[in-house]
Amino acid sequence: MSSAAQILQEGYVKYKGAPFKIPTLNRWVVVVGRQNLEDIKKATDDELSLVEAVNDTIKIDYLIGPAISSDPYHISLARIRLSRKLGLYYPDMKDEVHIAFEEILSLKDNAWKSVVAVATIREIVCRASNRVIVGLPLCRDPDWINLNARYAVDVALDANILNMFPKFLVPFVSKLLPNSAAGIKCAMKHLDPLIKERFRCMKEHGDEWSDKPNDFLQWLIDEKEECTTRQLSLRVLTLSFASIHSTTNTCTQALYNLAAHPQYVEPLREEVDAVIREHGWTKEAMVLMQKVDSFLAETLRLEGVLTTSVQRKALKDMTLSDGTFIPKGTHIYVPTYVFHRDSAIYENPGVFDPLRFFRLGDDGNESGRHQMVAMNRNYFPFGYGKHACPGRFLAADELKTMFAHILTSYDVKFEDRVSRPASIYWDSNVIADPNVRLMFRKRTHD
């Protein structure tokens, strides 16, 4: 369970980049090479399915609801709204990031304050993300934040239990697992009055009214695909499930890198201060923070949330372009951990070099290929092809906003260490050490 990275590295070396099989917690999977990325990209959903692969792993049909996988309209909605209309909701998200840091850290004068890094960042991410998902005031409700913080963990734990049983027993055992069901019930309790009020406004004013909310919940309602509290609550929880813990993990890993490499604080601050002076806290400003983007991209390269990605399930027999035969029902993965540490691609691949991607893009040619949200054959922390994470642009803006705010507002250091803590590897997950404490104080100006 804790040796996935080592197994992937050994398999990649032994088979010289050709496909090979490895065991996971609940099945054997085929790990494919870089040469197979285009095969995956070109395959249709009835050949290689992301939805079915995820459903097999997380048991979405039983723990969240079958509509999530049978009609995933929330994915296309997120792709359109969270990528093409970032500027519309960025001011709200930015405000929540700033307010959340101030309220949660609650620093006094110039004194240092010690906090548990993961727990603190998770609460801030919950608030910022939910400002976009459900809006004010629910995004600041402590019970709602607690639900969002634990729901992904509850689903993962319940899924691990279900994966221990034969397929025919899963529908029965799932009804005995309380955690995921309790989360859904809690979400419905919070969202029911909100949803009813919004439907009341729509009935009274039509599809538009003066103070109509601009959040994911309202976008779901506007689609008119579903109308019950339970249906809409499941969609909201699914977005939360997919976004909050990955953003929390990445931001925490970046902070560990910043505390371990304080020599980069000043060049990063210089960039952020200059951009904010000219452009303010805007979506456009985030695009111009190229060194910050590079720092986060390098963090994702070495400490991405998964050792494997581009997960698919073969729904029919197929043969890849290199002649590899993939039988129906096979799960395939791409070894992201290995590709991101390939010495044929990256100089000194095991070294954290926060300006690596900044230098790659500084020649002015195809600089977009080296941004943290980029997808190419050498770098794909958010997936690859048409099923790449639809919320990656929101995640990138949220991460940049949080990181830039920390740089402009606080000094940061480890409480009782100098080097960054090692990540925890569990199955295919890469987890920031949840027990490390960071010290914050208000930024001191020389």
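Residues numbered from 1 in each chain as written. Predicted model: local features only at pLDDT ≥ 70, side-chain atom pairs only at ≥ 80, totals over all residues. Heavy atoms only, no water.

## Here we look at the overall build of the protein chain
Argument step 1. When its secondary structure is counted, the protein chain shows 19 helices and 12 strands.
Argument step 2. Taken over the C-alpha trace, the protein chain has a radius of gyration of 22 Å; the compact-globule value for 446 residues is 22 Å, and the two agree within 12%.
Argument step 3. Residues classed as buried in the protein chain amount to 54% of the 446 residues present.
Argument step 4. Carbon and sulfur atoms form 54% of the exposed surface of the protein chain, whose accessible area is close to 20000 Å².
Argument step 5. Within the protein chain, the 57 negative side-chain charges are centred at a point lying 3 Å from the centre of the 56 positive side-chain charges. (Helix = DSSP H or I, 4+ residues; strand = E, 2+ residues; numbered from the N terminus. Rg over C-alpha atoms; globule rule 2.2 N^0.38 Å. Buried < 20%, exposed > 50% of the residue type's maximum accessible area, 1.4 Å probe, protein only. Areas by Shrake-Rupley, 256 points an atom, 1.4 Å probe, with all protein chains shown as cover. Lys, Arg positive; Asp, Glu negative; His and termini not counted. Charge placed at Lys NZ, Arg CZ, Asp CG, Glu CD.)

## Concerning the pairing of strand S1 (residues 20-23)
Argument step 1. Only one face of S1 is covered, namely the face carrying Phe20 and Ile22; the face carrying Lys21 and Pro23 is uncovered.
Argument step 2. In textbook terms, the turn of a hairpin is the stretch between consecutive antiparallel strands, and for S1 and strand S2 (residues 28-31) this stretch comprises four residues. (Pairing = 2+ DSSP bridges.)

## Digging into the nonpolar core
As a rule of thumb, nonpolar side chains are buried together in soluble globular proteins.
Argument step 1. In this structure, Phe101, Met372, Phe403, Leu438 and Phe440 are the most contacted members of the largest nonpolar core, which totals 105 residues.
Argument step 2. The element contributing the most residues to this core is helix H13 (residues 229-260), with 13 residues.
Argument step 3. Each residue touching Phe403, except ones within four places of it in the same chain, is listed here: Ala254, Leu255, Leu258, Leu268, Val292, Phe295 and Leu296. (Core = buried A, V, L, I, M, F, W, Y, C linked by side-chain atoms within 4.5 Å. Contact = heavy atoms within 4.5 Å.)

## Focus: the sheet that holds strand S9 (residues 410-414)
Argument step 1. Read across the open sheet, the three strands follow the order S4-S12-S9; overall the sheet is antiparallel. The outermost strands of the open sheet, each flanked by one partner alone, are strand S4 (113-116) and S9. Strand-to-strand twist of the sheet, defined as the mean angle between neighbouring strand axes without regard to direction, takes the value 30°.
Argument step 2. Bridge analysis of S9 against strand S12 (residues 437-442) gives five bridges, and the strand direction is antiparallel. Each bridged residue has a counterpart across the sheet, and for Val412 the counterpart in S12 is Phe440. (Axes fitted to C-alpha atoms, helices over the stretch in contact; angles between N-to-C directions.)

## Re the side chain of Asp215
Argument step 1. For Asp215, the position within the fold is in the loop between helix H11 (178-205) and helix H12 (216-223).
Argument step 2. The class of Asp215 is buried, set by a relative accessible area of 2%.
Argument step 3. Reaching out from Asp215, the side chain makes a polar contact with the side chain of Arg198 at a distance of 2.7 Å.
Argument step 4. Within the structure, Asp215 has its side chain in polar contact with the backbone nitrogen of Gln218 (distance 2.8 Å).
Argument step 5. If we ignore the near neighbours within four places in the chain, the residues touching Asp215 are Arg131, Val132, Ile133, Val134, Gly135 and Arg198. (Polar contact = N/O pair within 3.5 Å; in protein donor to acceptor, adjacent residues only side chain to side chain.)

## Considering the environment of Thr319
Argument step 1. Looking at the secondary structure, you find Thr319 in strand S6 (residues 318-319).
Argument step 2. Relative accessible area serves as the criterion here: at 52%, Thr319 is assigned to the exposed category.
Argument step 3. For the pair Thr319 and Ala396, spaced 77 residues apart in the sequence, the C-alpha separation amounts to 36 Å.
Argument step 4. When residues no more than four places from it in sequence are discounted, the contact partners of Thr319 are Thr324 and Phe325.

## Description of the packing of aromatic side chains
Argument step 1. Summed over the entire model, instances satisfying the criterion amount to 14 aromatic pairs.
Argument step 2. Between Tyr346 and Phe357, the aromatic rings sit 6.2 Å apart at their centres with planes inclined by 65°, giving edge-to-face as the arrangement. Here the residue Tyr346 occupies a position in the loop between helix H17 (336-339) and helix H18 (356-361), and Phe357 occupies one in helix H18, the gap between them amounting to 11 residues.
Argument step 3. Judged by its relative accessible area of 6%, Tyr346 is buried.
Argument step 4. Overall, Phe357 belongs to the buried group, its relative accessible area being 5%.
Argument step 5. Here a set of aromatic residues connected by ring pairs shows up, and it is made of Tyr12, Phe339, Phe380 and Tyr384.
Argument step 6. The ring of Phe358 has Lys291 sitting right over it, with the charged end atom 5.4 Å from the ring centre.
Argument step 7. When the ring centre of Trp112 is taken as reference, the NZ or CZ atom of Lys413 above it lies at 4.3 Å. (Phe/Tyr/Trp six-rings, centres within 6.5 Å; stacked < 30°, edge-to-face > 60°. Lys NZ or Arg CZ within 6 Å of the ring centre and 35° of its normal.)

## Considerations on the environment of Ile195
Argument step 1. With respect to the secondary-structure elements, Ile195 resides in helix H11.
Argument step 2. Along the backbone, Ile195 and Asn146 are 49 residues apart, and their C-alpha atoms lie at a distance of 20 Å.
Argument step 3. When residues no more than four places from it in sequence are discounted, the contact partners of Ile195 are Leu217, Thr229 and Leu232.

These figures come from the coordinates and say nothing about function on their own.
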